[in-house]
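Descriptive structure summary
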Amino acid sequence: MSSNGLSRKVAIVTGASRGIGRAIALALAAEGAAVLANYVRDRTAADHVVADIQARGGRATVVKADVSIAKEAAALFEAAEAAYGPVDILVNNAGLAHYAPIRDYDEKDFDHLFNVNVKGPFLMCREAAGRLTDGGTIVNITSTVTRVMLPRYGVYAATKAAVEQLTRALAKELGDRQITVNAVAPGPTDTALFRHGKSDDQIAAMAQAAALQRLGLPEDIADVVVFLATPAARWVSGQCLPVNGGFA
Ligand SMILES: NC(=O)c1ccc[n+]([C@@H]2O[C@H](COP(=O)([O-])OP(=O)(O)OC[C@H]3O[C@@H](n4cnc5c(N)ncnc54)[C@H](OP(=O)(O)O)[C@@H]3O)[C@@H](O)[C@H]2O)c1
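Described below are features of the structure shown in this document.

All right, on to the overall build of the protein then. When you go through the protein residue by residue, the secondary structure sums to eight helices and seven strands. Here the C-alpha atoms of the protein give a radius of gyration of 17 Å, agreeing with the 18 Å that 2.2 N^0.38 yields for 248 residues. A fraction of 75% describes how many contacts in the protein between residues 6 or more apart in sequence connect residues 24 or more apart.

So this is what it looks like as structure tokens:
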């Protein structure tokens, strides 16, 4: 375990059971942070993440919560505080994707996506605003799709654009307590969410569209999130950082 200034820090990572959230939980724990790993459906996967962290000498606990429900979002903070003390780092990673042309987009899918992708981070940020330690860090995981014009991605991109605006406002609101608030915007990253519904040819084309000519790995994103949580990033706030290998 290296020492990067996170050894006495407490972190909540939403959607930590797999994909990018799993990598973020592992990376924060590797730097010494105690991690509350949240999931909503897949307890087994979340338990594996916690077991992996503990096997490497780290501290982690798992808590089920639907981040789009206010009392469950609050319960995540209560659980983290009870286990480890006040929370220093919040990573709003939990998210869903559903793609369709706007003409065909079902209203229920729209509501569901906005509930999880926007209301979830909003509820967690609202809770964090009153509970995060001075000097703490919030990182919202958005997406490179806010920077490109992709058919079928309109509603998904709109959810991520909404979170980027929350990020900018919250950075101003919490700056007097030296809390940094940033967004990290991954490009195509090799996870279940990314692969779902795509052919091998589509995946290969998206990989080649990055300047670095491959898909991102969850660890590529996690390393940047860890950086934003360290003292080295103390002067970075209110920003949306594309982490996409030069995709856009
Ligand atoms: N992969 C990409 O190419 C890519 C690109 C740009 C941005 N992103 C963003 O990065 C984030 C992670 O994506 P991913 O690819 O790692 O996705 P993933 O593999 O599908 O994982 C999603 C995670 O979110 C959790 N989750 C879903 N709904 C939740 C809810 N209501 N409350 C709490 N947790 C919930 C899931 O928990 P369960 O396992 O319990 O269901 C899971 O841990 C998302 O915000 C996504 O929009 C991904």
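The immediate surroundings of the ligand are formed by 32 residues, with Gly15, Gly19, Gly95, Thr191 and Leu193 found nearest. Only helix H1 (19-30), strand E2 (34-39), helix H4 (107-131) and helix H6 (192-195) provide two or more residues apiece to the shell around the ligand. Class assignment for the residues of the shell around the ligand results in 15 nonpolar, 13 polar and four charged.

Before going further, it helps to spend a moment on the nonpolar core. One finds Ile24, Ala25, Leu28, Val35 and Ala37 to be the most contacted residues of the largest nonpolar core, which totals 70 residues. In this view, Ala37 contacts Val13, Ala16, Ala25, Ala46, Val49, Val50, Ala60 and Val62; residues no more than four positions away in its chain are not counted.

Okay, the sheet that holds strand E7 (residues 240-243) next. Ordered by their spatial adjacency, seven strands build an open sheet running E3-E2-E1-E4-E5-E6-E7, and the pairing between neighbours is parallel. Strand pairing shows two members of the sheet lacking a second neighbour, strand E3 (59-64) and E7, which therefore form its edges. Across the sheet, the mean angle separating the axes of adjacent strands is 20° when strand polarity is ignored. Taken together, the four bridges between strand E4 (residues 89-92) and strand E5 (residues 137-141) define a ladder with parallel strand orientation. Bridging from a neighbouring strand, Leu90 pairs with Ile138 of E5. The strands touched by helix H2 (residues 43-55) within the sheet are E2 and E3, with E3 carrying the most contacts at an inclination of about 170°. Strand contacts of helix H8 (residues 218-229): E4, E5, strand E6 (180-186) and E7, with the helix running at about 170° to E6, the strand carrying the most contacts.

Packing of helix H3 (residues 70-84) against H4 leaves a shortest axis separation of 9 Å and a crossing angle of 45°. For the element pair H3 / H4, the angle class is oblique. Like other packed secondary-structure pairs, H3 and H4 cross with a definite hand, here right-handed. When H3 is examined against H4, the residues Ala70, Ala73, Ala74 and Phe77 are found in contact with a partner set consisting of Leu123, Met124, Glu127 and Arg131. Residues that form the contact of H3 with H4 fall into these classes: six nonpolar, no polar and two charged.

Attention now moves to the pairing of E4. Successive residues of a regular strand alternate their side chains across the two faces of the sheet. On E4, burial covers both faces: Ile89 and Val91 on one face and Leu90 and Asn92 on the other are all buried. Bridge analysis of strand E1 (residues 10-13) against E4 gives three bridges, and the strand direction is parallel. Residue pairing for E4: Ala11 is matched across the bridge by Ile89. Since E4 and E5 lie parallel, the crossover through H4 that links them has a hand, and here it is right-handed.

About the criteria used
Position labels on residues start from 1 in each chain and follow its written sequence. Side-chain atom pairs in this predicted model are given and counted only at pLDDT of 80 or more, local residue features only at pLDDT of at least 70, and totals for whole chains, interfaces and linings cover all residues. Secondary structure elements follow DSSP: runs of H or I no shorter than four residues count as helices, runs of E no shorter than two count as strands, and numbering proceeds from the N terminus. When we talk radius of gyration, it's over C-alpha atoms, and the globule rule is simply 2.2 Å times the number of residues to the 0.38. Contact between residues is assigned whenever the C-beta positions, reconstructed from backbone atoms, fall within 7 Å. Being near a molecule or strand means, for a residue, that its C-beta atom, positioned from the backbone, comes within 6 Å of it. Put simply, Ala, Val, Leu, Ile, Met, Phe, Trp, Tyr, Cys and Pro go in the nonpolar bin, Asp, Glu, Lys and Arg in the charged bin, and everything else, Gly too, in the polar bin. Note on definitions: a nonpolar core is a set of buried residues drawn from Ala, Val, Leu, Ile, Met, Phe, Trp, Tyr and Cys, linked by C-beta atoms within 7 Å. Field definition: a residue is buried when 20 or more other C-beta atoms are found within 10 Å of its C-beta, exposed when 12 or fewer are, and partly exposed for counts in between, with C-beta atoms placed from the backbone. Strand pairing is assigned whenever DSSP identifies at least 2 bridges connecting the two strands. Interaxial angles span 0 to 180 degrees and are taken between N-to-C directions of axes, which are lines fitted to C-alpha atoms, for helices over the stretch in contact. Note on terminology: angles under 35 degrees are roughly parallel, angles over 145 are roughly antiparallel, angles of 65 to 115 are roughly perpendicular, and the others are oblique. Each crossing is labelled by how the near helix is turned from the far one, with a counterclockwise turn of less than a right angle marking it left-handed and a clockwise turn marking it right-handed. Here, the term right-handed applies to a crossover whose path from the first strand over the helix to the second runs clockwise when the strands point away from the viewer.

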